Amino acid sequence: MRSRPSAMSSRHHVVHKNPLSAADPDPLPDVVASWPKWWLLPDPLSTKWLSLQHAGPCFPPDYTPHGVPILYGGQPVSLGPAAEEAATLYAATIGVAPSSNVFDANFFSDFLTIIRASEPTTCPITEFDKCDFSPLINYLSAERARRQAMSADEKAAAKAAKAALEEPHAHAYVDGQPVKLGAFHVDPPCIFRGRGQHPLAGKIRARVRPEDVIINVGESDPVPLPPSAHKWKQVVHDHSALWVAKWTDSIEGGDRYVHMPLVSAWKGLADFKKFEAARRLKGGIERVRREYMRSIRDEASEQRERQLATAVYLIDWIGLRVGGSPSQDADDGTVGILGCCSLQCKDIAVTSEDTVSIAGARELALDPLVCTILRSLKQEKQDAEPLFHLIDFTLLSRYLTSLMDGLTATVFRAFNASFSTQQELARSPANAASIDDLVSFHGRALEAAAARCHFALDALSTEVTGVCTAQVNYVDPRISVSWCKRHHVPIERVFMLSLTEKYVWALDVDPDWHW
């Protein structure tokens, strides 16, 4: 049995007490406090770890031949280990998996390939209809009965032995911190079933051997030992990857992985990336707004271009989503609500030369030229027709990216909410009477952010849920954390515990950090 990799120390990964209030208990559960702190690395979007140690994937036991023959034309035919294993796998599907001509033909094609590669030329098997797998079916039935008849002690001993073999493979050590791996087993050979009438149903999924597996470790970390008499296909050092091993599926051709779990610290990478993109937008917002406003003002602009620019204006100033796709770009649970590409004429009313009402909500002030364009888009259309009839999800998403790499409606909302919060918190009273006063001030800053982005605009939302939406999804948490540190406000006064866990990567920010 291979030994478990030892945990290594790392200057980047220290279990911290609450950096915001030494007098208060640490609000982080132990599992969160021990996560690898990727956010302290120089480039966390491309380097997610420095050290990666593990024992490799857990392979299934080698096949043990049982010596039971199949019948061919009524005569017993003993097979070698490879062909016997394939025949036994097929026998296990009889009466369990739906049979079909495609299933049987796919199996027998692979079965013949194995026979030609591993059996002597005297093997008579050439036709599927002459094959009788009943001796193998009887053998498998007897094996099931034998296992069921095992005593409780025998079953417990077998379970303990299996667990002992698997235990070294169940964890990896990332920058010295243990993380539990998810599916760390290499799947054993099987008959592929697929879903429905899958054209590959019946094919034999080949046994994966170490020679098929690529291992990912750090350059200075020990390479896990492959099973005896084997070697790995390749050893790589991909610090941007969150997998420890991968191989190619023999049937469908895609890569299969042993992943580090995203329930750990790395789940915050998507949020980190979103807020870093919002910070980049801060530096280019004036240019972005000039570009889309140029297309709005230019009457000679191509009609589709003008619709795209107008949609981006609404995304920027009202907080609308792109819309028009089942997946959307919303991360606050309001998928399908008020998307530009799904906006119908009945959803918007131009109430004056510079105000509109969307979905029956309160009036919103807009650029008069935008109101004019919206009014013209509604002309000669039925209520249920799309307002922006020349654009769709793909076109609008591409247009956003043309304005800035990585720009999405979500990034726009994160920028506007974060910028508004930063501006409001910059007005914090220098001599607040109490912590309660500061907490109230922070709450009003979030209200301003929600109002700026119109998070309470949807018919299903309220002012309270709008503030919650702003803080949970769109205000960069580092703004609140650095503000708390500067004003000596315990983080738990402005972040609920679940939010502290979600944004654990923000807790190491310096007090003088500014968005």
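Residues numbered from 1 in each chain as written. Predicted model: local features only at pLDDT ≥ 70, side-chain atom pairs only at ≥ 80, totals over all residues. Heavy atoms only, no water.

Visitor: So what's going on with the pattern of salt bridges? Residues and values would help.
Guide: Tallied over the full model, the rule gives 20 salt bridges. The shortest N-O distance in the salt bridge between Asp249 and Arg256 comes to 3.8 Å. The class of Arg256 is partly exposed, set by a relative accessible area of 29%. Three or more residues joined by partner-sharing salt bridges are found here, namely Asp187, Arg205, Asp249 and Arg256. (Salt bridge = Lys/Arg side-chain N within 4 Å of Asp/Glu carboxyl O. Buried < 20%, exposed > 50% of the residue type's maximum accessible area, 1.4 Å probe, protein only.)

Visitor: Please set out the packing of aromatic side chains residue by residue, giving values where relevant.
Guide: Under the defined criterion, the tally for this structure stands at 18 aromatic pairs. Centre to centre, the rings of Phe275 and Trp505 are 6.4 Å apart; their planes meet at 40°, and the pair counts as tilted. In this pair, Phe275 is assigned in helix 6 (residues 269-297) and Trp505 in the segment after helix 14 (497-502), connecting sequence segments 230 residues apart. Taken as a pair, Phe275 and Trp505 share a single burial class, namely buried. Members of the aromatic cluster, joined through ring pairs, are Tyr90, Phe103, Phe107, Phe108, Phe111, Phe128 and Phe133. (Phe/Tyr/Trp six-rings, centres within 6.5 Å; stacked < 30°, edge-to-face > 60°. Helix = DSSP H or I, 4+ residues; strand = E, 2+ residues; numbered from the N terminus.)

Visitor: An account of the packing of helix 7 (residues 303-317) against helix 10 (residues 409-425) is requested, with residue identities and associated values reported.
Guide: For the pair helix 7 and helix 10, the least separation of the axes is 8 Å and the interaxial angle reads 40°. The orientation of helix 7 relative to helix 10 falls into the category oblique. Within the contact between the two elements, helix 7 uses Val312, Ile315 and Asp316 and helix 10 uses Ala409, Phe412 and Asn416. A breakdown of the residues in the contact of helix 7 with helix 10 according to their chemical character gives 4 nonpolar, 1 polar and 1 charged. (Axes fitted to C-alpha atoms, helices over the stretch in contact; angles between N-to-C directions. Parallel < 35°, antiparallel > 145°, perpendicular 65-115°, else oblique. Contact = heavy atoms within 4.5 Å. Nonpolar A, V, L, I, M, F, W, Y, C, P; charged D, E, K, R; others polar.)

Visitor: Explain unusual backbone geometry residue by residue, including any values.
Guide: Note on backbone geometry: most residues besides glycine have negative phi, and most peptide bonds are trans. Within the chain, Asp175 stands out as a residue other than glycine whose phi angle is a positive 50°. Tracing the backbone through its elements, the reader meets Asp175 in the loop between strand 5 (171-174) and strand 6 (177-180). A residue is classified by how much of its surface remains accessible, and Asp175, at 2% relative accessible area, is buried. Phi at His488 takes a positive value of approximately 60°, unusual for a residue other than glycine. Position of His488 relative to the elements: it lies in the loop between helix 13 (477-487) and helix 14. The exposure class of His488 is exposed, given its relative accessible area of 62%.

Visitor: Could you give me a rundown of the environment of Pro429, with the residues and numbers involved?
Guide: Looking at where Pro429 falls in the secondary structure, it is placed in the loop between helix 10 and helix 11 (435-453). As a C-alpha pair, Pro429 and His487 span 58 residues in sequence and 9.9 Å in three-dimensional space. What Pro429 contacts, discounting residues up to four positions off in sequence, is Phe441 and His487.

Visitor: Explain the sheet that holds strand 1 (residues 52-54) residue by residue, including any values.
Guide: Spatially, 3 strands are ordered 1-5-6 in an open sheet, and the strand pairing comes out antiparallel. The two strands at the open ends of the sheet, each matched to only one other strand, are strand 1 and strand 6. Each neighbouring strand pair of the sheet contributes to a mean axis angle of 30°, computed without reference to strand direction. Examined bridge by bridge, strand 1 and strand 5 share 3 bridges and lie antiparallel to one another. Looking at the pairing, Leu52 lines up with Val174 of strand 5. (Pairing = 2+ DSSP bridges.)

Visitor: Mind laying out the pairing of strand 14 (residues 355-358), listing which residues take part and the relevant values?
Guide: A two-sided burial pattern is seen for strand 14, the buried positions comprising Thr355 and Ser357 on one face and Val356 and Ile358 on the other. Pairing of strand 13 (residues 348-352) with strand 14 involves 4 bridges; the strand directions are antiparallel. Its bridge partner lying in strand 14, Ala349 is registered against Ser357. The antiparallel pairing of strand 13 with strand 14 creates a hairpin that spans 2 residues between the two strands.

Visitor: Run through the side chain of Thr310, naming residues and quoting values.
Guide: One can find Thr310 in helix 7. Owing to a relative accessible area of 0%, Thr310 belongs among the buried residues under this scheme.

Visitor: Please set out the pairing of strand 12 (residues 255-259) residue by residue, giving values where relevant.
Guide: In this sheet, strand 12 lies alongside strand 11 (residues 243-248) in antiparallel orientation, the contact comprising 5 bridges. Considered in strand 12, the bridge of Thr248 is made with Asp255. Taken together, strand 11 and the strand that follows it, strand 12, pair antiparallel across an intervening segment of 6 residues, in which Gly253 is found at a positive phi of about 85°.

Visitor: So what's going on with the sheet that holds strand 10 (residues 234-236)? Which residues, and what values?
Guide: Two pairing modes exist for strands in a sheet, parallel and antiparallel, and in both the strands are linked by backbone hydrogen bonds. Strand order across the open sheet formed by 4 strands is 10-9-11-12, with mixed pairing between neighbours. Each edge of the sheet is formed by a strand with only one pairing partner; in this case those strands are strand 10 and strand 12. Looking at each pair of strands side by side, their axes are set apart by 20° on average, direction ignored. With 2 bridges connecting them, strand 9 (residues 214-216) and strand 11 associate as antiparallel partners. The residue of strand 11 that forms the bridge with Ile214 is Lys246.

Visitor: Give me the confidence of the model for the chain: which residues, what numbers.
Guide: Detailed conclusions should not be drawn from predicted coordinates in areas where pLDDT is low. Residues of the chain with pLDDT of at least 70 account for 87%, and the chain-wide mean is 86. Across residues 1-31, confidence stays below pLDDT 50; counting only partners more than four residues off in sequence or on other chains, it has 62 contacts. Segment residues 326-336 is flagged for pLDDT under 50; beyond a separation of four residues in sequence, or across chains, it makes 25 contacts in the model. (pLDDT = per-residue confidence, 0-100.)

Visitor: Mind laying out the UniProt feature "active site" (unreviewed entry) in the chain, listing which residues take part and the relevant values?
Guide: UniProt marks Tyr474 with the feature "active site" (unreviewed entry), using the numbering shown here. Here Tyr474 lies in helix 12 (residues 463-474). Judged by relative accessible area, which is 0%, Tyr474 ranks as buried. (UniProt positions renumbered as here; feature names shortened; annotations may be inferred.)

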